[in-house]
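Coordinate analysis (summary)
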Amino acid sequence: FSVAFSDGRLGHVRIAPVAERCRSAALEDIPACVAAIIEGALGPVPTTPEDDTMPPFEQVAPSLIAHLYRDTMIERLRAQLVVRPVCEGLSVGVAVDFGHVISALPRDAMQVWGRSDDELLRVGMQNVHRKSVTRESFTIEGLPALLLSGSDYTVSSQALFLGDHLGAHYPAGALVSIPTRNSVFCVALQTGSLLGSAERIARTVSLVHDWFDDFASRPRNAEQMFSEHMYWWRDGALHAFPAVMTGAGAVVAPPQEFIDVVLARQDGPRDDRS
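The rules behind each value
Residues numbered from 1 in each chain as written. Predicted model: local features only at pLDDT ≥ 70, side-chain atom pairs only at ≥ 80, totals over all residues. Heavy atoms only, no water. Buried < 20%, exposed > 50% of the residue type's maximum accessible area, 1.4 Å probe, protein only. Helix = DSSP H or I, 4+ residues; strand = E, 2+ residues; numbered from the N terminus. Pairing = 2+ DSSP bridges. Axes fitted to C-alpha atoms, helices over the stretch in contact; angles between N-to-C directions. Contact = heavy atoms within 4.5 Å. Polar contact = N/O pair within 3.5 Å; in protein donor to acceptor, adjacent residues only side chain to side chain. Phe/Tyr/Trp six-rings, centres within 6.5 Å; stacked < 30°, edge-to-face > 60°. Expected span 1.5 Å × (residues − 1).

Some details on the pairing of strand β9 (residues 174-180)
- The buried count for β9 comes to seven of seven residues, which makes it a mostly enclosed element.
- Across five bridges, the pairing between β9 and strand β10 (residues 183-188) is antiparallel. Paired with Ala-174 across the strands is Ala-188, a residue of β10.
- One ladder, built from four bridges, connects β9 with strand β11 (residues 230-234); its direction is antiparallel.

Structure representation (structure tokens):
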């Protein structure tokens, strides 16, 4: 695990050596043993002065971000954080980006600022929106696809701004995958003859899942994996898009709105080959 101290130092401790040394220790001696190992590896832990207070809002505001979370990441702390639901399984919360680490801010600590939850989230959204990301465009199943990537863990929150990244308006929206903290992948769904049938959508989902599995198999991505689920983005909103992979391909259970907007509306000639 990694440790970020208040003075800016970073430290790392491997669990396996700690377990090995504690194995031969008496149960009552384990706390002292662990403390000695950690202090030996990281140096003395700095103490926090009793008069330590939250810095002024103006000082912290440039580092506030709206950070995307899976609900399972914050379920035990949700009441202590400033968060808003995004869609089933996803929420966005106020956090601070220290550069070397991102930390959620507890609601109690931010009360000293006297700022509303809406203002804190708005500032965080603005800061994330301004961050630069790498954009790569290509096609999947004849549909426009886009990969957003970057060097930090805030790229996942760019899923909230896909309308700005796609470069064109897609009334049917886009299928979205957020496999790692620093990547967002989406396939835009066009109307007309390229709108696609359920079979084409299923093939596209299968390809996105293959792409996710490729990311997950790379050792350097092990600590960055974010979500194995699919989402449907449309007009600035994300929706859960349930999909299960089988030996015969993807089985999708899209929300009713997706069926009404994407699959039931044909503005042009059908592509009978789909």
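That covers the picture; the talk isn't over yet.
Regarding unusual backbone geometry
- Backbone geometry at Asp-235 places phi at a positive 50°, although glycine is not the residue there.
- Looking at the element boundaries, Asp-235 is found in the loop between β11 and β12 (237-240).

Some details on the sheet that holds strand β7 (residues 134-140)
- Judged by pairing direction, the sheet is antiparallel, and its six strands sit side by side in the order β7-β8-β10-β9-β11-β12 without closing on themselves. Every interior strand has two partners, whereas the edge strands, β7 and β12, have only one. Neighbour to neighbour, the strand axes of the sheet diverge by 25° on average, direction disregarded.
- Relative to β12, β11 runs antiparallel, the two sharing four bridges. Looking at the pairing, Tyr-231 lines up with Ala-240 of β12.

What about the environment of Tyr-231?
- Counting through the fold element by element, Tyr-231 comes out in strand β11.
- Spatially, the C-alpha atoms of Tyr-231 and Ile-178 are 8.6 Å apart, while their sequence positions differ by 53 residues.
- Beyond its immediate chain neighbours, meaning those up to four positions away, Tyr-231 contacts Cys-87, Glu-88, Leu-90, Ala-174, Leu-175, Val-176, Ile-178, Leu-238, His-239, Ala-240 and Phe-241.
- A polar contact is formed between the side chain of Tyr-231 and the side chain of Ser-227, at a distance of 2.9 Å.

Focus: the packing of aromatic side chains
- In the structure shown here, the tally under the stated rule is four aromatic pairs.
- On the basis of an interplanar angle of 85° and a centroid distance of 5.0 Å, the ring pair of Trp-232 and Phe-258 is categorised as edge-to-face. Placement of the pair is Trp-232 in strand β11 and Phe-258 in helix α9 (residues 256-263), with a sequence separation of 26 residues.
- For Trp-232, a relative accessible area of 0% corresponds to the buried category.
- On the basis of relative accessible area, Phe-258 is assigned to the buried category, the value being 0%.
- Seen from their ring centres, Phe-241 and Phe-258 are 4.9 Å apart, and the 70° between their planes marks the pair as edge-to-face. You can see Phe-241 sitting in the loop between β12 and β13 (243-246) and its partner Phe-258 sitting in helix α9, a full 17 residues away along the chain.

Focus: helix α6 (residues 117-130)
- In this model α6 runs 20 Å from its N-terminal to its C-terminal C-alpha over 14 residues, within 8% of the 20 Å that 1.5 Å per residue would give.
- Buried residues of α6: Glu-119, Leu-120, Leu-121, Val-123, Gly-124, Asn-127 and Val-128, and no others.
- The inward-facing, buried residues of α6 abut α3 (57-60), β3 (64-70), β4 (83-87), β5 (90-97) and α5 (107-110).

Taken by themselves, the reported measurements are silent on function.
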